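# Architecture and fold: a report
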Amino acid sequence: MKRTKFATKVKKESQRWHLSKPKRSKPKKGYRILIADSLKPIMKQIENNPPNIPGFSIARMEYLLHLIMSHKRKKHQGSYSILNMQYMNNIVPQAGQYIQFLKREGIIEYKNYSAARNSRLYRLAEESRVEFRTITDQSLIRRIEKARKEKSKQNSKKYPHLNKFIHRVEIEYDNAIKAVEQKYQQTNDKAKAEHQRTYALAEIEKIQAKEIFIKFSQTERRLHTNFVRLPSYLLAYLRIDGYPLHEMDISNSQPFFVIALFRPTPEIEQVIREYLGESYIMYIKSLKAFEREDVKRYISLVTSGEFYEYMTKKFQDHGIPVSDRKEIKELLFTTVFFGNVYAHKFKKDGKLTKGAKAARLFRKEFPTVYRLFYRIKKEEKNRLAILLQRIEAYTMLECVVKRIEQEIPDMPILTRHDSILPFYHKFSITENHLTKTQEIMVNTIHQVIGVRPQGRMRKYVDRTFLFNESQTLTRNLYT
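Residues numbered from 1 in each chain as written. Predicted model: local features only at pLDDT ≥ 70, side-chain atom pairs only at ≥ 80, totals over all residues. Heavy atoms only, no water.

## Let's talk about the overall build of the protein
Scanning the protein from N- to C-terminus turns up 19 helices and 16 strands. The 479 residues of the protein split such that 52% are buried. Counted over contacts in the protein with a minimum sequence separation of 6, partners at least 24 positions apart contribute 73%. Carbon together with sulfur atoms contributes 47% to the accessible area of the protein, which is approximately 23,400 Å² in total. (Helix = DSSP H or I, 4+ residues; strand = E, 2+ residues; numbered from the N terminus. Buried < 20%, exposed > 50% of the residue type's maximum accessible area, 1.4 Å probe, protein only. Contact = heavy atoms within 4.5 Å. Areas by Shrake-Rupley, 256 points an atom, 1.4 Å probe, with all protein chains shown as cover.)

Laid out in structure tokens, this is it:
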């Protein structure tokens, strides 16, 4: 691969690296599982009066409960974990009998995931505070190690340059745990806080135990890893060879990628064509959406980073009560962007819902944009979400990341869908490297989408490495 002058300069600087490397935190040994406080006395009772399951072990039952609490699930309270029975049987023989017993006892709940799949959705019947417990059953540990090794073979190999960095990531374990506890104490809704705490602790433990997963989704073309679903406040504790990271993204990212639908560039035309077919391309060209006044206003608001502030004022002017920016985003996403095409008609007790009012307001402000959304979603409401995810994934993974690979080949980076996370690793810490990376991202997105985004950069700074404990920068570099 041909290197640019900048890449050669970076390589020389990395060879002259003279600062002492920060000490890595030593990984914890052994396997740890989560156990709910409310279940500890119940587990003791079951251990003293075991069910009639061949080879029954309380450690195996507790591990299955750990899987339910820690496996892939949504972040909201009461969400289910997706678990494959074959995977559970590989670790716990007769796993099905354990599951049936736990369900009969009212300890867990489950429902079928989808037809023709050997998976179910599981959750605890009642969530409570959790703590870690170390596994001592050596037979169970061997089965866990074997299952994890087999599962790691299923990791996607589509982006090998990213994979090599993904596997090198570590987490500043003790400080990350403290951050979770601090977040828990700051959350008033303790039921919600318990769920978020459990979720975060489980994700930390997987990274610490090197239980790394890498999956490329054929549906939305996204790359899913541990670091995509890690709560954002824990990014500050990720390290490669002891060094922290930056996060670079664009303002109003989801509304921004919508702009690609108005006048698609040749690259985006191909993405749309692969998913929706030729009919949408012909429709959008005939509509000449890019020339409509409401579309121009939408583009101006999104690219200036003022879209949500504009919508906040409109909500207030129309008497739609909203508490904050987060609620506005949720209303717009769940009703306008990714909701039912008839969301503007929804009523409760004979009155329009808040979501319906939000949809009507958006339709009034941006009629052409709303019309395009209707065209895409009229068959299935998730088509717009998937299309935007494909556009985002193509832009970030196929264009931005690959351009960084070419121009700064030694730069360690991760991705989180619409953002990139470059690490300091083996570089003199200069604005030159950061500015170059940011320029690549912004310029490449501009080229692919056809409109220049507003770039943002956050620094997650290692307390022990050159900077203050309190230093965290967020700034807009490009408009």
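## Describing a nonpolar patch on the surface
The grouping of Tyr-342, Phe-346 and Tyr-374 at the surface amounts to a nonpolar patch, some 300 Å² of accessible area in total. The topology assignment puts Tyr-342 in the loop between helix 15 (325–337) and strand 11 (347–348). (Patch = residues over 30% accessible without salt bridge, like charges linked within 9 Å, V, L, I, M, F, W, Y side chains within 5 Å. Salt bridge = Lys/Arg side-chain N within 4 Å of Asp/Glu carboxyl O.)

## Regarding the packing of aromatic side chains
Inspection of every chain in the model, using the stated rule, returns 18 aromatic pairs. Here the aromatic rings of Phe-307 and Tyr-308 are separated by 5.2 Å at their centres, their planes lie at 65°, and the arrangement is edge-to-face. Judged by its relative accessible area of 0%, Phe-307 falls in the buried class. Among the aromatic residues, those joined into a cluster by ring pairs are Phe-262, Tyr-298, Phe-307, Tyr-308, Tyr-310, Phe-333, Phe-337, Phe-338, Phe-362, Phe-366 and Phe-373. Above the plane of the ring of Tyr-110 lies Lys-103, whose end atom (NZ or CZ) is 5.1 Å from the centre. Between the NZ or CZ atom of Arg-129 and the centre of the ring of Tyr-184, over which it lies, the distance is 4.9 Å. (Phe/Tyr/Trp six-rings, centres within 6.5 Å; stacked < 30°, edge-to-face > 60°. Lys NZ or Arg CZ within 6 Å of the ring centre and 35° of its normal.)

## Focus on empty space enclosed by the protein
According to the stated counting rule, one finds 4 cavities of 30 Å³ or more in the structure shown. Volume-wise, the largest cavity comes out at about 140 Å³. The wall of the largest cavity is formed by 15 residues, among which His-66, Ser-70, Arg-148, Lys-206 and Glu-211 lie closest to the centre. Going through the elements one at a time, helix 3 (58–70) and helix 9 (190–208) are the ones with two or more residues in the lining of the largest cavity. The greatest single-element share of the lining of the largest cavity, amounting to 4 residues, is contributed by helix 3. (1 Å grid on protein atoms, 1.4 Å probe; cavity = no way out; pocket = protein on both sides within 12 Å on 5 of 7 lines; lining within 4 Å. Points joined across faces, edges and corners; volume = space filled by probe spheres on them.)

## Details of unusual backbone geometry
We note that Gln-94 has phi near 65°; this positive angle belongs to a residue other than glycine. By secondary structure assignment, the location of Gln-94 is in the loop between helix 4 (85–91) and helix 5 (95–104). For Gln-94, a relative accessible area of 35% gives the class partly exposed. If you check the backbone angles, Asn-252 has positive phi at about 55° while not being a glycine.

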